[in-house]
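A structural walkthrough
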Amino acid sequence: MTDLPTNQDDRTAVMPTFDGAASVPAPAAPTAAAAVHTIAHSNTAQRTALVVLVGIGALALAFIVMILVGVSSESINALAVFATPIASMVAAYYGITLSIQQVKNERAEKEKAIARADAADAGSRETEVWAAQMESGLRVAMAKLAAAGVGTDEVTKAAGTPDGFF
């Protein structure tokens, strides 16, 4: 069907360069950066869980102290004074951590998109060069056929060129 080489890893056709070598490199294997990202993500999750557990522990300690001292309206107010800042700090830490993680994910996606766009641009340039070489070869062949006095109507139809192209 076609004599173009194909890259079996991603099953996309690769246009040859003028020397016949493949012009688009194969996708890179996952690197250590992906492993570091996974470890960093798990460390962030562990740190968030630790902050939440410390907050819950502090609240539990406050409840225990309130029970030992005696439940009264003053002790409930005191518990509210302890619990409100603890809950606020835990919620703020979680929100900030989540926002930072989302920013990191968006930056990683942006870098991947830029890399894909660069690869597509490079592939487009290679395709344009290849097409220009094929057009040049076709023009030379048409000129030689015309000089030899051979009809070129069939070649023009097979090439799919518009009238007046040559």
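Residues numbered from 1 in each chain as written. Predicted model: local features only at pLDDT ≥ 70, side-chain atom pairs only at ≥ 80, totals over all residues. Heavy atoms only, no water.

**With respect to the overall build of the protein**
Looking only at helices and strands, the protein features three helices and two strands. The helix and strand sequence of the protein, counted from the amino end, reads β-β-α-α-α. Burial statistics for the protein: of 166 residues in total, 13% are counted as buried. In the protein, of all internal contacts separated by at least 6 residues, the share reaching a separation of at least 24 is 46%. Taken as a whole, the protein presents about 12500 Å² of accessible surface, with 66% of it coming from carbon and sulfur. (Helix = DSSP H or I, 4+ residues; strand = E, 2+ residues; numbered from the N terminus. Buried < 20%, exposed > 50% of the residue type's maximum accessible area, 1.4 Å probe, protein only. Contact = heavy atoms within 4.5 Å. Areas by Shrake-Rupley, 256 points an atom, 1.4 Å probe, with all protein chains shown as cover.)

**Here we look at the side chain of T97**
Its location among the elements puts T97 in helix α2 (residues 73-148). On the basis of relative accessible area, T97 is assigned to the buried category, the value being 15%. With residues near it in sequence (within four places) discarded, T97 still touches T44 and T48.

**Quick word on α2**
Taking 1.5 Å of rise per residue, 76 residues should cover 112 Å, and α2 covers 110 Å from first to last C-alpha, within 8% of that figure. For α2, every residue scored as buried is listed here: S75, L79, I86, V90, T97, Q101, G123 and M142. (Expected span 1.5 Å × (residues − 1).)

**Topic: the confidence of the model for the protein**
Averaged over every residue, the pLDDT of the protein is 76; the share at 70 or more is 73%. Considering each helix and strand of the protein separately, the mean pLDDT is smallest for strand β1 (residues 6-7), with a value of 46, and largest for α2, with 89. Ignoring residues within four places in sequence, the model shows residues 1-27, a span with pLDDT below 50, making 29 contacts including any to other chains. (pLDDT = per-residue confidence, 0-100.)

**What about the pattern of salt bridges?**
Across all of its chains, the model carries two salt bridges by this definition. Residue D121 pairs with R125 through a salt bridge whose shortest N-O separation is 2.4 Å. Pair noted here: D121 and R125 are both in helix α2, with a separation of four residues, about one helical turn. (Salt bridge = Lys/Arg side-chain N within 4 Å of Asp/Glu carboxyl O.)

**Notes on a nonpolar patch on the surface**
A surface patch of nonpolar side chains, about 540 Å² in accessible area, is lined by L61, I64, V65, L68 and V69. Within the secondary structure layout, L61 lies in helix α1 (residues 32-69). On the basis of relative accessible area, L61 is assigned to the exposed category, the value being 54%. (Patch = residues over 30% accessible without salt bridge, like charges linked within 9 Å, V, L, I, M, F, W, Y side chains within 5 Å.)

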